[in-house]
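# Observations on chain architecture
For reference, the chains in residue letters:
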Amino acid sequence: EVQILETGGGLVKPGGSLRLSCATSGFNFNDYFMNWVRQAPGKGLEWVAQIRNKNYNYATYYAESLEGRVTISRDDSKSSVYLQVSSLRAEDTAIYYCTKEGPYTPLVYYFDYWGQGVMVTVSS
Amino acid sequence: DIQMTQSPSLLSASVGDRVTLSCKASQNIYKYLNWYQQKLGEAPKLLIYYTNSLQTGIPSRFSGSGSGTDYTLTISSLQPEDVATYFCQQYNSWYTFGAGTKLELK
């Protein structure tokens, strides 16, 4: 059974930083791309970042709106992915979801498993 | 950026109704479109990928269609457990989601 568990959320002051962790199990982590998606309270979903697997040299990609303030990384030995967010602003307040991308198939990309999410609140 | 517009934002329907949710892209997305269901307090769940492919384990009352800029999610016979918010997602150019359609029982 695929399991995804995010940790590391909490209350952070504006300008601060946070590192979110995502521990996974139940699938061969090394084979898959991983993403972070966030959802502000009562709002829609926003893709944040992607990290590819070793076959793609662990390439990373970021939403333009967040580029420069976020860093995604992974540790295949721990089947875990991380998101470092800096210079936090009130508008970064959201649930942050870690998602597994589906099996690599040309023309077909989707997020087939999601964690329960972790809340990040940016407030003084 | 590709913008995704979902309509309606709120839909009320009765058990057994055929329900249609719409998603419109700001440019041609060549069927690179997924649908997710999010129940209150839960993470989103993948329903449909690549416009019309049903994810494993999803009931066959869910179906997707569309092309170009216009896409549809159809529930053939609404069930109480289908109450949720539904999001479309394009992946022609990275990933963007629509704002969602909240589906409630009448």
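These lines cover the structure that appears in this document, whether it is placed above or below. Keep in mind that this is a model prediction, so the values were computed, not measured.

Thresholds, definitions, all that
Residues numbered from 1 in each chain as written. Chains lettered and ligands numbered in written order. Predicted model: local features only at pLDDT ≥ 70, side-chain atom pairs only at ≥ 80, totals over all residues. Heavy atoms only, no water. Pairing = 2+ DSSP bridges. Helix = DSSP H or I, 4+ residues; strand = E, 2+ residues; numbered from the N terminus. Contact = heavy atoms within 4.5 Å. Buried area = accessible area lost by both parts, 1.4 Å probe. Salt bridge = Lys/Arg side-chain N within 4 Å of Asp/Glu carboxyl O. Core = buried A, V, L, I, M, F, W, Y, C linked by side-chain atoms within 4.5 Å. Buried < 20%, exposed > 50% of the residue type's maximum accessible area, 1.4 Å probe, protein only. Axes fitted to C-alpha atoms, helices over the stretch in contact; angles between N-to-C directions. Disulfide = S-S within 2.5 Å.

Here the focus is the pairing of strand β7 (residues 62-67) of chain B. Residues and elements named next belong to chain B. One ladder, built from six bridges, connects β7 with strand β8 (residues 70-75); its direction is antiparallel. Note on β8: the bridge partner recorded for Ser 67 is Asp 70. Linking two consecutive strands that pair antiparallel, namely β7 and β8, is a turn of two residues; a positive phi of about 60° is found at Gly 68 within it.

Further remarks concern the interface of chain B and chain A. Contacts between the two partners involve 19 residues from chain B, matched on the other side by 22 residues from chain A. Between chain B and chain A the total buried area reaches about 1,700 Å² when both faces are included, carbon and sulfur atoms providing 64% of it. Together, Trp 94, Tyr 95 and Phe 97 of chain B form the three largest contributors to the area buried by chain B at its contact with chain A, with a combined 35%. Taken together, the connections running from chain B to chain A amount to zero salt bridges. For the side of chain B that touches chain A, the elements supplying multiple residues, two or more each, are β4 (33-38), β5 (45-49) and β9 (84-90) of chain B. Sort the elements by how many residues they give to the side of chain B that touches chain A and β4 of chain B lands first, with three residues.

Moving on, we get to the nonpolar core. Grouped together as the largest cluster of nonpolar side chains are 45 residues, with contacts concentrated most on Trp 36, Val 81, Leu 83 and Trp 114 of chain A together with Phe 97 of chain B. With five residues, strand β5 (residues 45-51) of chain A is the largest single contributor of residues to this core. In terms of nonpolar packing, the next biggest core, distinct from the first, is built from 23 residues, Met 4, Ile 58, Tyr 71 and Leu 73 of chain B among them.

Moving on, we get to the sheet that holds strand β1 (residues 3-7) of chain A. Residues and elements named next belong to chain A. Read across the open sheet, the four strands follow the order β1-β3-β8-β7; overall the sheet is antiparallel. Each edge of the open sheet carries a strand with a single partner, namely β1 and β7 (70-75). Adjacent strand axes in the sheet meet at a mean angle of 15°, parallel and antiparallel pairs treated alike. Pairing geometry for β1 and strand β3 (residues 18-25), over five bridges, is antiparallel.

Tallying each qualifying case throughout the model produces two disulfides over all chains. Here Cys 22 of chain A engages in a disulfide with Cys 98 of chain A; their sulfurs sit 2.1 Å apart. Residues Cys 22 of chain A and Cys 98 of chain A are joined through a disulfide that is left-handed, its torsion about the S-S bond being -75°. Highlighted residues: Cys 22 of chain A in strand β3 and Cys 98 of chain A in strand β9 (residues 94-101), separated in sequence by 76 residues. Relative accessible area serves as the criterion here: at 1%, Cys 22 of chain A is assigned to the buried category. Look at Cys 98 of chain A and you get buried, because its relative accessible area is 0%. A sulfur-sulfur distance of 2.0 Å marks the disulfide that ties Cys 23 of chain B to Cys 88 of chain B. Where Cys 23 of chain B bonds to Cys 88 of chain B through sulfur, the torsion about that S-S bond is close to 70°, and the disulfide is right-handed. One end of the pair, Cys 23 of chain B, is in strand β3 (residues 19-25); the other, Cys 88 of chain B, is in strand β9, and 65 residues separate them in sequence. The exposure class assigned to Cys 23 of chain B is buried, which follows from its relative accessible area of 2%.

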